[in-house]
Amino acid sequence: MGLFTGLFWLAVAIILGLAAGWIFRVAVVAASPRPIARELRTAPLTASFGMLVILIYIVVAVFAPLVAPFPETEVVGTEYQPWDDVHVLGTDNLGRDMLSRLIYAARNTVGIAFITTALAFILGVMTGLLAASVGGWVDQVLSRAVDVLMAIPALIFALLLLTIVGTSIVNMILVIALIDSTRVFRLARAVAMNIVVMDYVEAARLRGEGLLRLNIREILPNAMAPLVAEFGLRFCFVFLMISALSFLGLGIQPPTADWGSMVKDNATLISFGDITPLLPAGAIALLTVCVNFVVDWQLHRASGLKE
Amino acid sequence: MQEANDILLTMKGLHIEGRTDEEWLEIVKGVDLELRKGEVLGLIGESGAGKSTIGLAAMGFARDGCRISGGEITFDGINMRTASEAKKRGLRGRRIAYVAQSAAASFNPAHKLIDQYSEGPVKHGVMSRDEAESDATDLYRRMQLPDPDSIGFRYPHQVSGGQLQRAMTAMAMACRPDLIIFDEPTTALDVTTQIEVLAAIRDIVEQFDTAALYITHDLAVVAQMADRIKVLLKGEEVEESDTRSMLASPTQDYTKSLWAVRTHARPEQPPVIEGKPVLSIRNVTAGYGAVDVLKDVSFDIHPRRTVAVVGESGSGKSTTARVITGLLPPRRGEVLFNGEALPPDFRRRTRDQLRQAQMIYQMADTALNPKLKIRELVGRPAQMYLGLRGKALEERIRELLSLIEMEPGDYIDRLPSELSGGQKQRIGIARALAAEPQFIICDEVTSALDQLVAEGILKLLDRLQGEFDLAYMFITHDLATVKAIADEVVVMKDGVVVEKGPKSEMFQPPHDPYTELLLSSVPEMDPDWLTGLLKARATATDG
């Protein structure tokens, strides 16, 4: 019986989600100028739903102080208050409002994850393209260095580096970006290797184009499809890594709200059958899924794949 | 059992549609076809004519994204449109066989030839594995493959392209089918290899009295192979008649235009006796690794002249181009441009030296960056070398597009994927012209194009040469192209220049033996040409 109702609500959620996606798509198509509208019309419902959710996350993150009913770090009640009219999702282990912290955490966690992924990509793509387009010893040095970095398990390496440089948000961003850029490097290099042998790259070289222009105008645009797909995936991994580090106490430091440490701080509630600690985890999961919906759609479009 | 009629395959009002984006487009628009037992029907037409699609439809098969939407296909009394998949599978390979264009891509590289040969007959229960193996050896012998007893035990990559194509034909013969579909079986081969394959195919088809659909875009080839010819254009039949009358008196304008291509030639310009060559290659030896691909190559290219460099694959034609452009610094020898030695590595050349020698590539698809618009593709060299900006650049791009006979307003903002093959090649030409060079290397620029389109490109190149005083080095394996455009010819074989001189001398005896072989291997429109040639060669070796 429990399983049956579970499935029922899951189906309802999926249908509502897709319906929301559909309404969102219709609304956006109507509101945007023609060329963008034409592209958006091709978006599948999953991607529309994904875009809608991402948009909501962004709005919530940007306007957190306006949306949240209570401040981020203030103790406003007793510990572990149940859900009621004042504290919609109850309070946490110190008596802070759960809903408000969830909203502020969107700002912290998503913002930091985005910056970290972007940094990892800038670093990884630049070095990857350089290795592929120059080749020779440059490629050897970069590739072997990356091999060494990749030989150490990511989480342990991150813990090690954070212990050395000390825990701060900036340090965490840099450390995760460095570790993740090695994965991006591998992909960027492999994709670019297939592009540098094309005649148009040879033609550009013979024209006397400099390395920068060769990479930015000739190689990068043709490598975008797999890189964009990887960006979506990497974003999720970074997200999980930040949460994992926070859970271990090395990531975002209290009292700053973030989803990973919120799970840790309130984990004891699970033993009492309260699902509140799972909400931040659910927020992470939902964003991850939605980002991948959108990325999948973009990948299909960019690679010319048809269903 | 057999009726008085000996019709093997009929198609009536065949319609085939292909899916693009949201809608179905007709690829084949009502074609009728009839093939008697033991007869060879040639299907010719440009790319997009629907030749291969019709060939596959004869097996009751449509490619992914295509569907047979109307008409009848009857093979020996069996309705191929309603036959079950199992029944069709029983026919395919056993009674109808297919020989693909690229044998190298069609063989499974992980299995030996004989394993792939035996698969069909054993699966269809025609022969046991041992019988199949001895049968394979027999057919390999009949296909005049070298070393027929052991060649089957090699892997596809250990066998040359022409041999692989013959092995594939032998494989198609394995179950002694009633019908074989040959889909451009010699298009990817050199002329001298093509002859061997054509002779072997014709021989074996005659021996077993097999009917065949022979699909090709090369008229001269189909003239040797087919009893009847059907000309197709954009999915519709243009005309059909038996080979001799088709060659002698085509009735339709389109067919006549196909015939006319072969006769185009421009007058040869008088040889240059004095004056400095634009480019001269002096005793160049170059190669990769330990192997010398070019051995002591020398020739000159004079202003306003076209030098055709001819040879089979592996003869070093393209390597010569790489040496000239500086991609492959030679081991010995040098390249002079207007009397001055060019630095061997292109990275050490000045911008002006790079500008003066441009290149047009064989595959326009890979030579144009698919993510850039025509504006940038054509404009970049002008911007880079001549420093044009803003309005001046825009005007120059438009002027260049007009020069290559493309309406600037329509094309300037398109991507390469929105152009046809011939248009892409024109953009390649415009890009080379944008640098205002003195010398252009054309690397097989027409070999990936249909005859009529290729003809347009050759005429364009010809006109531009006169307008801008260009010198061309024309790399090609196609002697018809040489006849059409060259002033001088350089024949290469195994990295050595075998013969060089003005075109008129090249096409008149006496020749170097290799040039002779090359010249005599170019198929002619005469249906008796292959028979005659083989006879002549046989007597030559006997005597």
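Procedures and definitions
Residues numbered from 1 in each chain as written. Chains lettered and ligands numbered in written order. Predicted model: local features only at pLDDT ≥ 70, side-chain atom pairs only at ≥ 80, totals over all residues. Heavy atoms only, no water. Helix = DSSP H or I, 4+ residues; strand = E, 2+ residues; numbered from the N terminus. Buried < 20%, exposed > 50% of the residue type's maximum accessible area, 1.4 Å probe, protein only. Lys, Arg positive; Asp, Glu negative; His and termini not counted. Charge placed at Lys NZ, Arg CZ, Asp CG, Glu CD. Contact = heavy atoms within 4.5 Å. Axes fitted to C-alpha atoms, helices over the stretch in contact; angles between N-to-C directions. Parallel < 35°, antiparallel > 145°, perpendicular 65-115°, else oblique. Nonpolar A, V, L, I, M, F, W, Y, C, P; charged D, E, K, R; others polar. Pairing = 2+ DSSP bridges. 1 Å grid on protein atoms, 1.4 Å probe; cavity = no way out; pocket = protein on both sides within 12 Å on 5 of 7 lines; lining within 4 Å. Points joined across faces, edges and corners; volume = space filled by probe spheres on them. Expected span 1.5 Å × (residues − 1). Patch = residues over 30% accessible without salt bridge, like charges linked within 9 Å, V, L, I, M, F, W, Y side chains within 5 Å. Areas by Shrake-Rupley, 256 points an atom, 1.4 Å probe, with all protein chains shown as cover. Salt bridge = Lys/Arg side-chain N within 4 Å of Asp/Glu carboxyl O. Phe/Tyr/Trp six-rings, centres within 6.5 Å; stacked < 30°, edge-to-face > 60°. pLDDT = per-residue confidence, 0-100. Left-handed = near helix turned anticlockwise from the far one by under 90°. Right-handed = clockwise from strand over helix to strand, strands pointing away.

## Examining the overall build of chain B
Regarding its fold elements, chain B presents 23 helices and 20 strands. Seen through its principal axes, chain B has C-alpha atoms that stretch 80 × 60 × 45 Å. Taken over 543 residues, chain B has a buried fraction of 53%. Placing the 65 positive and 80 negative side-chain charges of chain B at their respective mean positions leaves the two points 5 Å apart.

## Here we look at the overall build of chain A
Of regular secondary structure, chain A possesses 12 helices and 0 strands. Taken from N to C terminus, the helices and strands of chain A fall in the order α-α-α-α-α-α-α-α-α-α-α-α. Taken over the C-alpha atoms alone, chain A extends approximately 70 × 50 × 40 Å along its principal axes. Scored against the burial criterion, the 307 residues of chain A give a buried share of 43%. Sequence separation of 24 or more characterises 69% of the internal contacts of chain A that already satisfy a separation of 6 or more. One finds the centroid of the 19 positive side-chain charges in chain A at a distance of 12 Å from the centroid of its 21 negative side-chain charges.

## A short note on the packing of helix α9 (residues 199-207) of chain A against helix α10 (residues 211-247) of chain A
Residues and elements named next belong to chain A. Where α9 meets α10, the closest approach of the two axes is 11 Å, and the angle between their N-to-C directions is 175 degrees. In terms of orientation, α9 lies roughly antiparallel with respect to α10. Between α9 and α10, the residues in contact are Y200, V201, A204, R205 and R207 and L214, E218, I219 and N222, respectively. The residue inventory of the contact of α9 with α10, partitioned by class, reads 5 nonpolar, 1 polar and 3 charged.

## Side note on the sheet that holds strand β7 (residues 179-183) of chain B
Residue and element names in this part refer to chain B. Spatial strand order, β6-β7-β8-β3-β9-β10: 6 strands in an open sheet with mixed pairing. This sheet does not close on itself; its edge strands, each paired only once, are β6 (96-99) and β10 (236-242). Shown here is a sheet whose adjacent strand axes are inclined to one another by a mean of 15 degrees, direction ignored. Of the pairings in the sheet, the one linking strand β3 (residues 40-44) to strand β8 (residues 211-216) comprises 5 bridges and is parallel in character. Looking across to β8, one finds that L43 is bridged to I215. Against the sheet, helix α7 (residues 161-173) engages β6 and β7, with an angle of about 170 degrees to β6.

## Focus: empty space enclosed by the protein
In total, this model carries 7 cavities of 30 Å³ or more according to the counting rule given. Lining the largest cavity are 16 residues, with L206 and R207 of chain A together with A357, Q358 and M359 of chain B positioned closest to its centre. When contributions to the lining of the largest cavity are tallied by element, the ones reaching two or more residues are α9 of chain A together with α12 (317-325), α13 (351-356), β16 (357-360), α15 (374-386) and α18 (421-434) of chain B. Looking at the lining of the largest cavity, its residues break down into 10 nonpolar, 3 polar and 3 charged. Volume-wise, the second largest cavity comes out at about 70 Å³. Lining the second largest cavity we find I44, G45, E46, H217, L219, L258, D450 and Q451 of chain B.

## Points about helix α5 (residues 129-142) of chain B
Residue and element names in this part refer to chain B. Taking 1.5 Å of rise per residue, the 14 residues of α5 would be expected to cover 20 Å, and the 20 Å separating its terminal C-alpha atoms lies within 8% of that figure. Looking at the buried positions of α5, the neighbouring elements they touch are α4 (113-123), α6 (148-151), α7 and α8 (191-207). Just downstream of α5 lies Q144, where phi reads positive at about 55 degrees.

## A look at a nonpolar patch on the surface
Residues and elements named next belong to chain A. Together, L55, I58, V59, V62, F63, L66 and V67 make up a nonpolar patch on the protein surface, roughly 640 Å² of accessible area in all. At the level of secondary structure, the elements contributing two or more residues to the nonpolar patch comprise α3 (45-62) and α4 (64-67). No other element matches α3, which puts 4 residues into the nonpolar patch. Within the fold, V59 resides in helix α3.

## What to know about the environment of D190 of chain B
Residue and element names in this part refer to chain B. Turning to its location among the elements, D190 is positioned in the loop between β7 and α8. Taking the C-alpha atoms as reference, D190 lies 9.5 Å from L518; in sequence the two are 328 residues apart. If sequence neighbours within four positions are ignored, D190 has contacts with E312 and S313.

## Side note on the packing of aromatic side chains
Ring pairs (aromatic) are described by centroid distance and by the angle formed between their planes. Taken as a whole, this structure holds 7 aromatic pairs over all chains when the rule is applied. On the numbers, 6.0 Å between centres and 65 degrees between planes, the contact of Y117 of chain B with Y140 of chain B is edge-to-face. Of this pair, Y117 of chain B sits in helix α4 while Y140 of chain B is found in helix α5, placing the two residues 23 residues apart along the sequence. Residue class for Y117 of chain B comes out buried when judged on its relative accessible area of 1%. Clustering of aromatic rings is evident, with ring pairs tying together F114, F121, F231 and F235 of chain A.

## A short note on the confidence of the model for chain B
Reading fine detail from the predicted coordinates is not recommended where pLDDT is low. All names here are of chain B. Of the residues in chain B, 95% reach a pLDDT of 70 or more, and the chain-wide mean stands at 84. Averaged over each element, pLDDT in chain B is lowest for helix α11 (residues 253-261) (74) and highest for β16 (92). Scored as a complex, the prediction yields pTM 0.79 and ipTM 0.77.

## Observations regarding the pairing of β7 of chain B
Residues and elements named next belong to chain B. When you tally the buried positions in β7, you get 5 out of 5 residues, the bulk of the element. Residues L179, I181 and D183 point to one face of β7 and I180 and F182 to the other, with burial holding for every one of them. Across 4 bridges, the pairing between β6 and β7 is parallel. Directly across from A97, in β7, lies its bridge partner I180. One ladder, built from 5 bridges, connects β7 with β8; its direction is parallel. Each bridged residue has a counterpart across the sheet, and for I181 the counterpart in β8 is L213.

## What to know about the sheet that holds strand β15 (residues 340-341) of chain B
Residue and element names in this part refer to chain B. Pairing in this open sheet of 4 strands is antiparallel, and the strands run β12-β11-β14-β15 from one edge to the other. Two strands bound the open sheet, and with one partner strand each, they are β12 (291-301) and β15. Here 7 bridges tie strand β11 (residues 279-288) to β12, and the two strands are oriented antiparallel to one another. Bridge pairing in β12 places G287 opposite D292. In this fold α12 packs onto β11, β12 and β14 (332-337), with an angle of close to 110 degrees to the strand it touches most, β11.

## Some points on the packing of α4 of chain B against α5 of chain B
Residue and element names in this part refer to chain B. Here α4 crosses α5 at 120 degrees, and the two axes come no closer than 9 Å. Relative to α5, the element α4 lies oblique. Seen along the crossing, α4 lies across α5 with a hand that is right-handed. Touching L113, I114, D115, Y117, S118, P121 and V122 of α4 are R129, A132, E133, D135, A136, L139 and Y140, all from α5. Counted by class, the contact of α4 with α5 contains 9 nonpolar, 1 polar and 4 charged residues.

## With respect to the pairing of β8 of chain B
Residues and elements named next belong to chain B. By the criterion of burial, β8 is predominantly enclosed, with 6 of the 6 residues buried. Judged by which residues are buried, β8 turns out to be covered on both faces: A211, L213 and I215 on one side and A212, Y214 and T216 on the other are all buried. A crossover connection joins β7 to the parallel β8 through α8; in handedness this β-α-β unit is right-handed.

## Examining the pattern of salt bridges
Counted under the stated rule, the structure contains 49 salt bridges over all chains. Linking R213 of chain A and E376 of chain B is a salt bridge whose minimum nitrogen-to-oxygen distance equals 2.7 Å. Of the two residues, R213 of chain A sits in helix α10 while E376 of chain B sits in helix α15, which places them in two different chains. Its relative accessible area of 23% is what places R213 of chain A among the partly exposed residues. Of the charged contacts in the structure, one is a salt bridge between D494 of chain B and K493 of chain B, with a shortest N-O distance of 3.6 Å. By relative accessible area, D494 of chain B is classed as partly exposed at 47%. On the basis of relative accessibility, which here comes to 34%, the residue K493 of chain B falls in the partly exposed class. Several salt bridges converge on common partners, so that one network encompasses R207, E209, R213, R217 and E218 of chain A together with E376 and R380 of chain B.

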